[in-house]
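Structural features, examined
What follows is each chain in one-letter form.
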Amino acid sequence: MTKMFGPNDFGQGENQPTLMMFSGQGSQYYQMGRDLYDNHDGFYRHLNDLDSLVKEQLGESVISHMYDNKNRITDPFDRLLYTHPAIFILEVALSKVLADVNIKPDIVMGASLGELGAACTSGAISIEQGIQLVLAQARIVESKCREAGMLAILASEFSYSETPEIYEHCELASINAEGHFVVSGTNPSLQKIEDFLIKKGI
C-alpha cells in the first residue's frame, strides 16, 4: 500500500521523514556533476563503478560523452541512449555518496525516468536491472518514435483544453502548477504553438 503524505508531514524536526527526489529526462546537461567528479573521491568511485556497468550493456562509456571537454554546458545533450543512463548513474551515485555519510531516505520518489533511480535507491530493483531498463527504454524510443520535443508554457491566461491554437497541434504532457503546463509534439507543431504564444506576449 502507498502512503500519501500531506504538506504537514514534511516540517522541521528530527522525527520528520527524509525524502529523496529523482528528476527525469530533460534535467541533463553536459558536465553535470563535474565538480564533484573531479573533487570528491566517493562520487568519482561510485560514478565510475556505475559507468562500468553501463559499458557492459551499452558497449561504451557514458562518462566519456558527459564529461568530454569539447562539450560545453550549453550544448544540447539530447541523445537518449546517452542521456538516459547519464541521468540514472548520476542520481544513483549521489544517493550512494549520501549513504556513505549515513544519510538514507525514508521515502524516495521520482519523476518519469527518475522513478528508476528511486527504485534502485529503495532496493526495489537492482542497479543492473535499472541500467537494463534505462537502456531498453532509450532504444525503444529512438527506434520507434518520431523526432519531437516538448514546450513548457507559463500562461495563466490560457488553458490547454480551451485553446485550439495549442491543443490542435500537440498533446498535453503535464500540468505542473496553475498556469504552468507542458506540451509535446512534432517540432513543426511546437513551432506553430510557440509563434502563437509569442504573438500573445507569452
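The sections below set out a description of the structure shown in this document. A quick note: this is a predicted structure, and the numbers were derived from the prediction, not measured. (Residues numbered from 1 in each chain as written. Predicted model: local features only at pLDDT ≥ 70, side-chain atom pairs only at ≥ 80, totals over all residues. Heavy atoms only, no water.)

1. Topic: the pattern of salt bridges
Scanning the model with the defined rule gives 5 salt bridges in all. As a salt-bridge pair, R79 and E142 come within 2.7 Å of each other at their nearest N and O atoms. A residue pair is termed long-range when its members are at least 10 positions apart, and R79 in the loop between α3 (63-66) and α4 (80-100) and E142 in helix α6 (residues 127-144) qualify at 63 residues. What makes R79 partly exposed here is its relative accessible area of 38%. Under the relative-accessibility criterion, E142 is labelled partly exposed at 32%. (Salt bridge = Lys/Arg side-chain N within 4 Å of Asp/Glu carboxyl O. Helix = DSSP H or I, 4+ residues; strand = E, 2+ residues; numbered from the N terminus. Buried < 20%, exposed > 50% of the residue type's maximum accessible area, 1.4 Å probe, protein only.)

2. A word on helix α2 (residues 41-58)
Compared with an ideal rise of 1.5 Å per residue, which puts 18 residues at 26 Å, α2 spans 25 Å between its outermost C-alpha atoms and is within 8% of the ideal. By the burial criterion, the buried members of α2 are G42, F43, H46, L47, L50, D51, V54 and L58. Angularly, the buried residues of α2 cover 155° about the axis, an arc narrow enough to put them on a single face. Among the exposed residues of α2, those pointing more than 90 degrees away from its buried face are D41 and E56. Those residues of α2 hidden inside the fold are in contact with α1 (34-39), α3, α4 and α6. Positioned one or two residues after α2, G59 has a phi angle of 90°, which is positive. (Expected span 1.5 Å × (residues − 1). Arc of directions from axis to C-beta. Contact = heavy atoms within 4.5 Å.)

3. A closer look at the environment of L98
By secondary structure assignment, the location of L98 is in helix α4. Separated by 82 residues in sequence, L98 and H180 place their C-alpha atoms 32 Å apart. When near neighbours in sequence (up to four residues on either side) are disregarded, L98 contacts M20 and I103.

4. Observations concerning α6
When the terminal C-alpha atoms of α6 are compared, their 26 Å separation across 18 residues agrees well with the 26 Å that a helix rising 1.5 Å per residue should span. Along α6, the residues that are buried comprise I127, G130, I131, V134, L135 and A138. Across the axial projection of α6, the buried residues extend over an arc of 125°, all falling on one side. Looking at α6, the residues exposed on the side facing more than 90 degrees away from the buried face are I140, S143 and K144. Structurally, α6 contributes buried residues whose contacts are with α2, α4 and α5 (114-122).

5. What about the sheet that holds strand β3 (residues 148-154)?
Overall, antiparallel pairing links the 3 strands, which are arranged β3-β5-β4 in an open sheet. Whereas interior strands pair on both sides, the edge strands pair on one side only; in this sheet they are β3 and β4 (171-177). Across the sheet, the mean angle separating the axes of adjacent strands is 20° when strand polarity is ignored. Of the strand pairs in this sheet, β4 and strand β5 (residues 180-186) are connected by 5 bridges, and their pairing is antiparallel. For A177, the partnering residue across the bridge sits in β5 and is H180. Its contacts with the sheet put helix α8 (residues 187-199) on β3 and β5, and the angle it makes with β3 is roughly 20°. (Pairing = 2+ DSSP bridges. Axes fitted to C-alpha atoms, helices over the stretch in contact; angles between N-to-C directions.)

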